[in-house]
Amino acid sequence: DARVTQTPRHKVTEMGQEVTMRCQPILGHNTVFWYRQTMMQGLELLAYFRNRAPLDDSGMPKDRFSAEMPDATLATLKIQPSEPRDSAVYFCASGLLGGMNTEAFFGQGTRLTVV
Amino acid sequence: AQSVTQLDSHVSVSEGTPVLLRCNYSSSYSPSLFWYVQHPNKGLQLLLKYTSAATLVKGINGFEAEFKKSETSFHLTKPSAHMSDAAEYFCVVNAPAGTALIFGKGTTLSVSS
């Protein structure tokens, strides 16, 4: 059963520390998304990649956030330094987008708490 | 630019009664539209999608949605609510096709016995 896998599922860290979240997209999918979910803002798009190339990262605070796809099986989202306002659930999603294929499949999320 | 507006932040129904979750969209392109569901502390699951084929779309768990271009709406319905339907529901637009999914603010569905 193909699924998007995110690690870790939960992370508690102190303010100022570096946080790295990882995502394994579904094999063969060409598009990977990173979303952040908070009570106040709902689901916000942070960045997305097509064939490992960044297409849009305008939703991401550039000074502290970075997103990469070192290879087709791994996407990473890094926060350095982390701040309490970064506390949220971070979702990765992947899809084989193009033509009539438009949907994305979501991982279980990483719940980040910055204290 | 594209966007979606979910007209109700919270909907409460009794078990066995119909469900209606309302969504309006705005798009400069022919949109793809989706409904996703999120149960507490879980990820998001695709319920159904519209991609310019049939305007009445059937999804999982008895849900369906109708695309009405004249009204720019994509409301989600179910004839009879079940307790397990209690969750957060998101209306989503993807336009043009292949770009990022844009989420509405969500509607919390509560089902009472």
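Residues numbered from 1 in each chain as written. Chains lettered and ligands numbered in written order. Predicted model: local features only at pLDDT ≥ 70, side-chain atom pairs only at ≥ 80, totals over all residues. Heavy atoms only, no water.

A. View of the overall build of chain B. Secondary structure summary: chain B contains 0 helices and 12 strands in total. Tracing chain B from N to C terminus, the helices and strands come up as β-β-β-β-β-β-β-β-β-β-β-β. In terms of overall dimensions, chain B is globule-like: its C-alpha atoms have a radius of gyration of 13 Å, near the 13 Å expected for 113 residues. Counting every position in chain B, which comprises 113 residues, the buried fraction comes to 45%. (Helix = DSSP H or I, 4+ residues; strand = E, 2+ residues; numbered from the N terminus. Rg over C-alpha atoms; globule rule 2.2 N^0.38 Å. Buried < 20%, exposed > 50% of the residue type's maximum accessible area, 1.4 Å probe, protein only.)

B. Quick look at the pattern of salt bridges. Evaluated as defined, the whole model comprises 9 salt bridges over all chains. Across the pair Arg36(A) and Glu44(A) runs a salt bridge, and its minimum N-O distance is 3.3 Å. Where Lys49(B) meets Glu103(A), a salt bridge forms, and the shortest distance between an N and an O atom there is 2.7 Å. Of this pair, Lys49(B) sits in strand E6 (residues 44-50) while Glu103(A) is found in the loop between strand E9 (88-95) and strand E10 (105-106), placing the two residues in two different chains. A relative accessible area of 15% places Glu103(A) in the buried class. Where salt bridges share partners, they join Arg64(A), Glu83(A), Arg85(A) and Asp86(A) into one cluster. (Salt bridge = Lys/Arg side-chain N within 4 Å of Asp/Glu carboxyl O.)

C. Main features of the state of the cysteines. Residues and elements named next belong to chain B. Throughout the structure, instances matching the rule amount to 2 disulfides over all chains. Note that Cys23 is cross-linked by a disulfide to Cys91, the S-S spacing being 2.0 Å. Between Cys23 and Cys91, the S-S dihedral sits near -70°, and the bridge is therefore left-handed. One end of the pair, Cys23, is in strand E4 (residues 23-26); the other, Cys91, is in strand E10 (residues 87-94), with 68 residues separating them in the sequence. Neither residue differs from the other here; Cys23 and Cys91 are each classed as buried. (Disulfide = S-S within 2.5 Å.)

D. Structural context of the interface of chain A and chain B. Opposite the 20 residues of chain A that make contact, chain B presents 21 residues. Of all residues in chain A, the largest losses of buried area upon contact with chain B belong to Leu43(A), Thr102(A) and Phe106(A), amounting jointly to 31% of the total for that side. The tally of links between chain A and chain B comes to 1 salt bridge. The tally of links from chain A across to chain B stands at 6 residue pairs in polar contact (both at pLDDT 80 or more). Of all the secondary structure elements, the ones that give two or more residues to the side of chain A that touches chain B are strand E4 (31-38) and strand E5 (42-50) of chain A. Per-element tally for the side of chain A that touches chain B: the top contributor is E5(A), with 4 residues. (Contact = heavy atoms within 4.5 Å. Buried area = accessible area lost by both parts, 1.4 Å probe. Polar contact = N/O pair within 3.5 Å; in protein donor to acceptor, adjacent residues only side chain to side chain.)

E. Molecular detail of the sheet that holds strand E1 (residues 5-7) of chain A. Residue and element names in this part refer to chain A. If you trace the 4 strands from one edge of the open sheet to the other, you get E1-E3-E8-E7, paired in antiparallel fashion. Bordering the open sheet on either side are E1 and strand E7 (65-71), each of which pairs with just one other strand. Within the sheet, the average angular offset between the axes of one strand and its neighbour, ignoring direction, is 20°. The pairing of E7 with strand E8 (residues 74-79) spans 5 bridges and is antiparallel. Bridged to Phe65 within E8 is Ile79. (Pairing = 2+ DSSP bridges. Axes fitted to C-alpha atoms, helices over the stretch in contact; angles between N-to-C directions.)

F. Focus on the nonpolar core. Counting 26 residues, the largest nonpolar core has Trp35(B), Leu48(B), Phe74(B), Leu76(B) and Tyr89(B) as its most contacted members. Here this core gets 4 residues from one element, more than from any other, and that element is E10(B). Those residues in contact with Leu76(B) that sit more than four places away from it in its chain are Val19(B), Leu20(B), Leu21(B), Trp35(B), Leu47(B), Leu48(B), Phe63(B), Glu64(B), Ala65(B) and Tyr89(B). Among the nonpolar cores identified, the runner-up in size contains 22 residues, and Ile26(A), Phe49(A), Met60(A) and Phe65(A) belong to it. (Core = buried A, V, L, I, M, F, W, Y, C linked by side-chain atoms within 4.5 Å.)

G. Up close: unusual backbone geometry. Residue and element names in this part refer to chain A. Backbone torsion omega between Thr7 and Pro8 reads -10°, so that peptide bond is classified as cis. You can see Pro8 is positioned in the loop between E1 and strand E2 (10-13). In this chain, Gln80 is followed by Pro81 through a cis amide linkage whose omega measures -10°. Tracing the sequence through the fold places Pro81 in the loop between E8 and E9.

In short, geometric facts, not functional conclusions.
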